[in-house]
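If you want the building blocks of each chain, they are given just below.
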Amino acid sequence: MKRRPLIIGLTGSIGMGKSTAAKVLSGFGLPVHNADAAVHALLSPGSAAVKPVARLFPNALKRGGIDRALLGKEVFGAPKKLKELEGILHPLVGKKEREFLRRAQKDRAPAVVLDIPLLFETGAEARCDVTLCVTASKIVQKERVLKRHGMDAARFRAILKQQMPDKEKRSRADFVINTSKGMADTKRQLAAFWIVLQEGE
């Protein structure tokens, strides 16, 4: 029987550099499963989540798929609606994740990365062997986020309220990477992290 890959759970609050870290780890040859990308695919025309989501949120249906911006407006600040949406999406995303892990095991990958923004909030760390949290200073985080299209200070504050505080994420993670000093420093830290994991195997 093929040995299963080591599962690295990658997380971090908005603007902390999680996408950058995922790209760097992918560059080391580690397969990466992006939970947000899986949701995006599930909401595309013809995909499994479209019909059940459209039944709950008919206003979000657009050109045969679910418009994520319209869907976001429906559930933002509405916990009950958000829970209903998660009830549809989480099992489907979980299925995609299991398929990804089976492929990685078949390909004999030594380790894989599960890129999950709400890793600790959803209890997904239980499925991981190691957890890695990216962080940055509050000033750097705010600068990064406010550069994003359609983002303003009020929306940024609202998103932070929905996420577990950075301090708590850092305290719960096995490893922490600070991305404040830019790409070269982030790569150096991630390379050291990967060496430590390989030595522990």
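Residues numbered from 1 in each chain as written. Predicted model: local features only at pLDDT ≥ 70, side-chain atom pairs only at ≥ 80, totals over all residues. Heavy atoms only, no water.

(A) Molecular detail of the pattern of salt bridges. If you walk through the whole model with that rule in mind, you get 10 salt bridges. Across the pair Asp129 and Arg4 runs a salt bridge, and its minimum N-O distance is 2.8 Å. Here Asp129 is found in the loop between strand 5 (111–115) and strand 6 (130–135), whereas its partner Arg4 is found in the segment before strand 1 (6–11), with 125 residues between them in sequence. Given the relative accessible area of 34%, Asp129 is considered partly exposed. By relative accessible area, Arg4 is classed as partly exposed at 43%. (Salt bridge = Lys/Arg side-chain N within 4 Å of Asp/Glu carboxyl O. Helix = DSSP H or I, 4+ residues; strand = E, 2+ residues; numbered from the N terminus. Buried < 20%, exposed > 50% of the residue type's maximum accessible area, 1.4 Å probe, protein only.)

(B) Focus on the sheet that holds strand 1. Taken together, the five strands give an open sheet; going across it, the order is 2-5-1-6-7, and neighbouring strands pair in parallel fashion. At either margin of the open sheet sits one strand with a lone partner, and together these are strand 2 (32–34) and strand 7 (175–178). Strand-to-strand twist across the sheet, computed as the mean angle between neighbouring axes with direction ignored, equals 20°. Judged from the five bridges that link them, strand 1 and strand 5 form a sheet pairing that is parallel. Bridging across to strand 5, Gly9 finds its partner in Leu114. (Pairing = 2+ DSSP bridges. Axes fitted to C-alpha atoms, helices over the stretch in contact; angles between N-to-C directions.)

(C) Representation of the packing of helix 6 (residues 138–146) against helix 7 (residues 153–162) in the model. Where helix 6 meets helix 7, the closest approach of the two axes is 10 Å, and the angle between their N-to-C directions is 120°. Considering their axes alone, helix 6 and helix 7 lie oblique with respect to each other. Between helix 6 and helix 7 the crossing geometry is right-handed. Residue-level contacts link Gln141, Lys142, Val145 and Leu146 of helix 6 to Ala153, Phe156 and Leu160 of helix 7. In terms of residue class, the contact of helix 6 with helix 7 is built from five nonpolar, one polar and one charged. (Parallel < 35°, antiparallel > 145°, perpendicular 65-115°, else oblique. Left-handed = near helix turned anticlockwise from the far one by under 90°. Contact = heavy atoms within 4.5 Å. Nonpolar A, V, L, I, M, F, W, Y, C, P; charged D, E, K, R; others polar.)

(D) A look at the nonpolar core. Counting 21 residues, the largest nonpolar core has Ile8, Leu132 and Phe193 as its most contacted members. For this core, the secondary structure elements donating two or more residues are strand 1, helix 1 (18–27), strand 5, strand 6 and helix 9 (183–200). Setting aside its immediate chain neighbours within four residues, Ile8 contacts Leu30, Ala111, Val112, Val113, Leu114, Val130, Leu132, Phe193 and Leu197. In terms of nonpolar packing, the next biggest core, distinct from the first, is built from 17 residues, Ala38, Ile66, Val75 and Leu89 among them. (Core = buried A, V, L, I, M, F, W, Y, C linked by side-chain atoms within 4.5 Å.)

(E) Molecular detail of unusual backbone geometry. Of note in this structure, Arg63 is not a glycine but carries a positive phi near 50°. Along the polypeptide, Arg63 turns up in the loop between strand 3 (61–62) and strand 4 (65–66). Although it is not a glycine, Arg108 sits at a positive phi angle of roughly 60°. Here Arg108 shows up in the loop between helix 5 (79–106) and strand 5.

(F) Structural context of a positive patch on the surface. Together, Lys95, Lys96, Arg98, Arg102 and Arg103 give the surface a local cluster of positive charge. Summarising the element assignment, Arg102 is placed in helix 5. (Patch = residues over 30% accessible without salt bridge, like charges linked within 9 Å, V, L, I, M, F, W, Y side chains within 5 Å. Areas by Shrake-Rupley, 256 points an atom, 1.4 Å probe, with all protein chains shown as cover. Lys, Arg positive; Asp, Glu negative; His and termini not counted. Charge placed at Lys NZ, Arg CZ, Asp CG, Glu CD.)

(G) Up close: the confidence of the model for the chain. Taken residue by residue, the chain gives an average pLDDT of 93. The fraction at 70 or more is 99%. Averaged over each element, pLDDT in the chain is lowest for helix 7 (87) and highest for strand 6 (98). (pLDDT = per-residue confidence, 0-100.)

(H) Structural detail: helix 9. For helix 9, spanning 18 residues, the distance from its first C-alpha to its last is 26 Å, which sits close to the expected 26 Å at 1.5 Å a residue. Listing the buried residues of helix 9 in full gives Asp185, Thr186, Gln189, Leu190, Phe193, Trp194 and Leu197. Looking at the buried positions of helix 9, the neighbouring elements they touch are strand 1, helix 1, strand 5, strand 6 and strand 7. (Expected span 1.5 Å × (residues − 1).)

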